[in-house]
Amino acid sequence: MKQYIKIILSPILILVLLFANIGCKSELEEEFDNPNQYEPELNNKISGLFTSQCSEWKVFVKDYGEWYWQMSGFGVMSYIQVSGRYITPRYSFYESYEDLNSGNYLSDQGFTWFNDLYIKNRSWEKIQFFLSKASEDERANSKIYYTLSSIIKDMCTLRCVDLYNSIPYSEAFQGNKGLFFPKYDDPKEIYTTVLKDLGACYIRLEDEYKGMSAVAKQLFQKQDLIFSGDVSKWKKYTNALRLRYAIHLSGVDQEFSVNIMKDVVKDLPNEDYYWDLPHVKPADELPGGGTWHRGMYERTYVSFVPNLIANRLNFGSAKYEADIDDPRLPVLMMPTCFKDYRGVSMNADKQDQAYKDGHKYYPYGNDLASSMDDTWDEKNKRYVGNTKSMWNFSTFMHNNLPVDIFTLAEVDLLLAEAELKFQITGITVADHLKNAVIHSTDFWYAMNGYSNYPEKFDDQEVVDMMRPTKPSSGVIQQYAEMLAKAYRAKSDKADQIEMIMQQKFIHINLLRPYQLWTDLRRTCHPKLEPFTFDSKVMTPMPNRIKYPSSEFTSNTDNYMKVNKEDDFTSLIFWVSEEKKTEGYYRTEDIPFSQKPTF
């Protein structure tokens, strides 16, 4: 009987073979010129590789499948209460929501960032290879692409550590040296090495740009999708990354991290960084948009806004009240069929009666008239439309959102945390928070402005709700100052970090929920609402994502050295000692208050 062996290649080995093929092909072309094949200039090859890296899915551009699977109701977005279902005991499959051992409930589908680190950043190794073949003039005109490619690879590396902890790094991207099965490195060593590399990249960017010819600079402007050849923005972005990841590291290496923070505060972004993505089809031609928005559009029934966020946007009555409510509320949340704003509770038992009384929902994002229909259906004893708020269809589902690189409000909130813990900015935490509200409001109204949905609808009031007019600067300033005042009144450090993280969840929300997951795991804030189902109170929290199965089959020896932590519950290395025993949940319901309590 014949035997067949099934070979599963790891992403790193695939990358090695791809690179080896490039090397062999290059050698053949050197020996046998092919007059029928166009061979671009080396400078164009290198710049093209950099452009390719910038535009890869899951580097900066988001991925449809990732959002589709993670908005399943059992993904990270649900566990950290960024987006979820309108849950009542009718969903019997939530009985074991806290089961993080079998993997039956936490979905890691769509999480391919381990593979993507090595596949999506293969341009970095190719650029390094081509530079080794370049003349002196070619190197002078092209080495900036290696530095920028390194910055992107570094970002992806640290993002991957935040999800998996130990990963291959020191021996990765070295297939041309015969390293086919790289070892897993200590995650703290990866962090410190990469942060040092980001600092070195920042330093050399200016000189590398000055050393380019005028023609090379013109090419750089065209090939740089992100900043159009503006090196000053690349430097600021690099420092923003250093700030973010130094704060992550600070819980286990304060001295090293604080030195980085002190270095970067002098040169950080002073505007939102994003670029327009060439969409497959515009949102008005393809429902849900042509890129990652479709993942949300096709999972509308799990895009309700949890009270963790909703009750920190809306105070007083369920109606939007400009004098006390967050100015971002109308642009972030979808109005209910009653033309007000109501979040969903994680207490499934508590909201069961309202559901039985007919407060239900239209589960799709394809028909605004049905979503907003407040007609009482006597036959089925229910309201036709949505009685709970989803994320705003115009801002998210039916939009051609640009690619967000780094937002100014996130910089403000990082600085707020850095100032609270290490006093390095010279500006009060309250003022950082105030700036964050203002900059976040600017950002989200700008994002909503990319949409023209609903272009035609017979209820102008609803159209105005979906694409609201930005509040006056006075209204925004008033709310920002109210938030700052509330912060100044708090003396307990836990309450203070709670406010900072509340604002981070409101601002980042669906854009980068895995960044929020990192912040939650390392700070244990904001405190979540306990999940109550059929009288059972559950407080689960996944701490990491499991390695892809291909690592066991193709990199077995190295994988076995880290397999003890290959589960959903092992802690990431940057969790400080004091946080290892702190809970993620509050002991009381998140209040719907008459006045802002934050």
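What counts and what doesn't
Residues numbered from 1 in each chain as written. Predicted model: local features only at pLDDT ≥ 70, side-chain atom pairs only at ≥ 80, totals over all residues. Heavy atoms only, no water. Helix = DSSP H or I, 4+ residues; strand = E, 2+ residues; numbered from the N terminus. Buried < 20%, exposed > 50% of the residue type's maximum accessible area, 1.4 Å probe, protein only. Contact = heavy atoms within 4.5 Å. Areas by Shrake-Rupley, 256 points an atom, 1.4 Å probe, with all protein chains shown as cover. Expected span 1.5 Å × (residues − 1). Polar contact = N/O pair within 3.5 Å; in protein donor to acceptor, adjacent residues only side chain to side chain. Core = buried A, V, L, I, M, F, W, Y, C linked by side-chain atoms within 4.5 Å. Salt bridge = Lys/Arg side-chain N within 4 Å of Asp/Glu carboxyl O. Phe/Tyr/Trp six-rings, centres within 6.5 Å; stacked < 30°, edge-to-face > 60°. Lys NZ or Arg CZ within 6 Å of the ring centre and 35° of its normal. pLDDT = per-residue confidence, 0-100. Axes fitted to C-alpha atoms, helices over the stretch in contact; angles between N-to-C directions. Parallel < 35°, antiparallel > 145°, perpendicular 65-115°, else oblique. Left-handed = near helix turned anticlockwise from the far one by under 90°. Nonpolar A, V, L, I, M, F, W, Y, C, P; charged D, E, K, R; others polar.

Chemist: For this particular structure, what's the right way to read the overall build of the chain?
Modeler: Regarding its fold elements, the chain presents 25 helices and eight strands. With respect to the three principal axes, the spread of C-alpha positions in the chain is 80 × 70 × 55 Å. Counting over 598 residues, the chain shows a buried share of 60%. Counted over contacts in the chain with a minimum sequence separation of 6, partners at least 24 positions apart contribute 77%. Of the roughly 24300 Å² that the chain leaves accessible, carbon and sulfur atoms contribute 49%.

Chemist: Please explain helix H22 (residues 493-508) as it appears in this structure.
Modeler: Residues separated by three or four positions in an α-helix point in the same direction, a consequence of the helix having 3.6 residues per turn. Between the first and last C-alpha of H22 there are 23 Å, a value that for 16 residues agrees with the 22 Å anticipated at 1.5 Å per step. H22 sits mainly inside the fold: 13 of its 16 residues count as buried. Here H22 starts with a cap whose side-chain oxygen sits 3.0 Å from the backbone nitrogen of Ala494, and that cap is Asp492. Of the residues trailing H22, Asn509 is marked for its positive phi of about 35°.

Chemist: Looking at this structure, how should I read the nonpolar core?
Modeler: Generally speaking, nonpolar side chains in soluble globular proteins are found buried as a group. Core analysis: the largest hydrophobic core is formed by 155 residues, its most contacted members being Tyr164, Trp234 and Tyr237. With 12 residues, helix H7 (residues 136-164) is the largest single contributor of residues to this core. If near-sequence neighbours (up to four positions away) are discounted, Tyr237 is found in contact with Phe60, Ile151, Met155, Phe227, Pro269, Tyr273, Ile405 and Phe406. The next biggest cluster of nonpolar side chains, apart from the first, holds 23 residues, and it includes Ala430, Ala480, Leu483 and Tyr487.

Chemist: Just to check I follow, could you spell out the pattern of salt bridges for this structure?
Modeler: If the charged atoms of two oppositely charged side chains come close together, the side chains can form a pair. Throughout the structure, instances matching the rule amount to 40 salt bridges. In this structure, Arg242 and Asp263 form a salt bridge, with 2.9 Å as the shortest nitrogen-oxygen distance. Taken together, the positions of Arg242 in helix H10 (residues 231-249) and Asp263 in helix H11 (residues 254-264) put the pair 21 residues apart, joining distant regions of the chain. Note that Arg244 is salt-bridged to Glu410, the shortest N-O span being 3.1 Å. Placement of Arg244 in helix H10 and of Glu410 in helix H18 (residues 408-422) is noted, with a sequence separation of 166 residues between them. Considered together, Arg244 and Glu410 belong to a single accessibility category, that of buried residues.

Chemist: Hey, could you run me through H10 in this one?
Modeler: For H10, with 19 residues, the first-to-last C-alpha span of 27 Å sits near the 27 Å given by 1.5 Å per residue. With respect to burial, H10 is a largely interior element, 17 of its 19 residues being buried.

Chemist: Can you help me understand the side chain of Asp272 in this one?
Modeler: Note that Asp272 resides in the loop between H11 and strand E3 (273-275). In terms of polar contacts, Asp272 uses its side chain to reach the backbone amide nitrogen of Leu408, at 2.8 Å. Residues within four places of Asp272 in sequence aside, it is in contact with Phe406, Thr407, Leu408, Ala409, His439 and Phe443.

Chemist: Sorry, what's going on with the packing of aromatic side chains here?
Modeler: Centre distance and the angle of the planes are the two values used to describe a pair of aromatic rings. Scanning the model with the defined rule gives 57 aromatic pairs in all. Look at Tyr64 and Tyr68: their rings are 6.1 Å apart centre to centre, the planes differ by 45°, and that puts the pair in the tilted class. Of this pair, Tyr64 and Tyr68 both sit in helix H3 (residues 64-70), four residues apart, roughly one helical turn. For Tyr64, a relative accessible area of 33% puts it in the partly exposed group. Judged by centre distance (5.7 Å) and plane angle (70°), the ring pair of Phe114 and Tyr118 falls under edge-to-face. You can see Phe114 and its partner Tyr118 sitting in helix H5 (residues 113-119), four residues apart, about one turn around the helix. Across the pair, Tyr118 and Phe114 agree in class, each one buried. It is Lys153 that lies over the ring of Trp124; its NZ or CZ is 4.5 Å from the centre. A cation over an aromatic ring shows up here: Lys217 above the ring of Tyr209, its NZ or CZ 4.7 Å from the ring centre.

Chemist: What am I meant to see in the environment of Asp373 here?
Modeler: With respect to the helices, strands and loops of the structure, Asp373 is situated in the loop between helix H16 (368-371) and strand E4 (376-377). With relative accessibility at 24%, the residue Asp373 sits in the partly exposed group. On a C-alpha basis, the gap between Asp373 and Pro540 in space is 36 Å, while along the polypeptide they are 167 residues apart. Looking at Asp373, its side chain comes within polar contact range of the side chain of Thr375, at 2.5 Å.

Chemist: Looking at this structure, how should I read the confidence of the model for the chain?
Modeler: The predicted coordinates should not be examined in detail at positions where pLDDT is low. Across the chain, the average pLDDT comes to 90, with 90% of residues at or above 70. Residue range residues 1-39 is modelled with pLDDT below 50. Its contacts to residues more than four positions away, or to other chains, number 40 contacts.

Chemist: Honestly, unusual backbone geometry in this entry has me stumped. Any pointers?
Modeler: Glycine aside, residues mostly have negative phi, and peptide bonds are mostly found in the trans state. In this structure, Pro454 follows Tyr453 across a cis peptide bond, with omega equal to -5°. Among the structural elements, Pro454 can be located in the loop between helix H19 (429-448) and helix H20 (460-466). Here the residue pair His525 and Pro526 is connected by a cis peptide bond, since its omega of 0° sits within 30 degrees of zero. Looking at the element boundaries, Pro526 is found in the loop between helix H23 (513-523) and strand E7 (531-533). One non-glycine residue with positive phi stands out, namely Ser228, at about 50°. Within the element layout of this structure, Ser228 appears in the loop between helix H9 (214-223) and H10.

Chemist: Explain the packing of helix H6 (residues 122-133) against H7 here, please?
Modeler: When two helices pack together, you describe them by how their axes are tilted relative to each other and by the distance separating the axes. One way to put it is that H6 packs onto H7 with a least axis distance of 9 Å and a crossing angle of 155°. In terms of axis orientation, H6 runs roughly antiparallel to H7. Considering how the two elements wind past one another, H6 and H7 form a crossing that is left-handed. On H7, the residues that touch Ser123, Trp124, Ile127, Gln128 and Leu131 of H6 are Arg139, Ser142, Lys143, Tyr145, Tyr146, Ser149, Ser150 and Lys153. When its residues are assigned to classes, the contact of H6 with H7 shows five nonpolar, five polar and three charged.

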